[in-house]
Amino acid sequence: MDQGKSRGPYAKTPARRAEIVRAARDSFAERGYARASLRDIAERAGITHAGLLHHFRSKDELLAEVLAQRDTEEWEEGVAEVDSLEALAPYLGTLLARHQKTPELMRLWLELAAAASRPEHPAHGYFVERYERSRTHVTRRLRELEAQGKLREGLGPDSAATLFQAVLNGLQAQWLLNQHLDIIEPLNRFLDLILVTDD
């Protein structure tokens, strides 16, 4: 038996959880949520089904973790890459194009967000916090742009932040229904409507 990689249920818990989440992300993207199984995910992660259940009690819990991890990665990436108003549109275009490469994850995110609108849903708290955090951050950045005269006159930062979230989610939902639809150009035109650039 290879002693270099412990298969015990408590060994390297954070690293093991990360392996499971990566395996789940791959499985959901390739097979879809309905056809993905915990046994397949466990096999991809190199652990037993029982070992997986030690870390995650259900497929729903795993899906929520996969989507939360994607959120965190994209949030950190956006903070690092968008250092000016001019960098915003290219970054968001790249982000949407990346989402289009994994439509199943995009679909799962939208489905889970809708289901989590019910207060009794286990992911309800996460999505409430997630949207509030995102809206607060975007509003803060838009207030800074407003002070610089770069937010369209008559449009408040709070309303602009809510519109921003609605447009990003709505464009992706429309694209899932018609994958020939160009959603990058409408996104760019929306940004032109709410922001004032120097060019």
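Placed above this text is the structure.
For clarity, every value in this text was computed on a predicted model and none was experimentally measured. (Residues numbered from 1 in each chain as written. Predicted model: local features only at pLDDT ≥ 70, side-chain atom pairs only at ≥ 80, totals over all residues. Heavy atoms only, no water.)

S.K.: So what's going on with the packing of helix H4 (residues 59-81) against helix H6 (residues 103-115)? Which residues, and what values?
M.R.: Helices that pack against each other are described as a pair by the angle of their axes relative to one another and the distance between those axes. Running from N to C, H4 and H6 point in directions that differ by 110°, and their axes come no closer than 11 Å. Accordingly, the angle class assigned to the pair H4 and H6 is roughly perpendicular. In this structure, H4 contributes Leu 63, Ala 64, Val 66, Leu 67, Arg 70 and Asp 71 to the contact, and H6 contributes Leu 105, Met 106, Leu 108, Trp 109 and Leu 112. Of the residues belonging to the contact of H4 with H6, the class tally is nine nonpolar, no polar and two charged. (Axes fitted to C-alpha atoms, helices over the stretch in contact; angles between N-to-C directions. Helix = DSSP H or I, 4+ residues; strand = E, 2+ residues; numbered from the N terminus. Parallel < 35°, antiparallel > 145°, perpendicular 65-115°, else oblique. Contact = heavy atoms within 4.5 Å. Nonpolar A, V, L, I, M, F, W, Y, C, P; charged D, E, K, R; others polar.)

S.K.: Just give me the short version of the pattern of salt bridges, but keep the residues and values in it.
M.R.: Scanning the model with the defined rule gives 14 salt bridges in all. Between Glu 104 and Arg 107 there is a salt bridge, with the nearest N and O atoms lying 2.8 Å from each other. With a gap of three residues between them, Glu 104 and Arg 107 both fall in helix H6, about one helical turn apart. Salt-bridge contacts for Arg 133 lead to Glu 129; the nearest nitrogen and oxygen are separated by 3.2 Å. Here Arg 133 and its partner Glu 129 are both found in helix H7 (residues 124-147), four residues apart, which amounts to about one turn of the helix. (Salt bridge = Lys/Arg side-chain N within 4 Å of Asp/Glu carboxyl O.)

S.K.: Break down the layout of surface pockets for me, with residues and values.
M.R.: In this approach the atoms are scanned with a rolling probe the size of a water molecule, which exposes any empty space left behind. In this structure, the largest pocket encloses a volume near 860 Å³. What lines the largest pocket is a set of 35 residues, among which Trp 75, Leu 92, Val 138, Phe 164 and Leu 168 lie closest to the centre. For the lining of the largest pocket, the leading source of residues is H7, giving nine residues. Looking at side-chain class alone, the lining of the largest pocket contains 21 nonpolar, eight polar and six charged residues. Taken as a whole, the second largest pocket holds about 170 Å³ of empty space. (1 Å grid on protein atoms, 1.4 Å probe; cavity = no way out; pocket = protein on both sides within 12 Å on 5 of 7 lines; lining within 4 Å. Points joined across faces, edges and corners; volume = space filled by probe spheres on them.)

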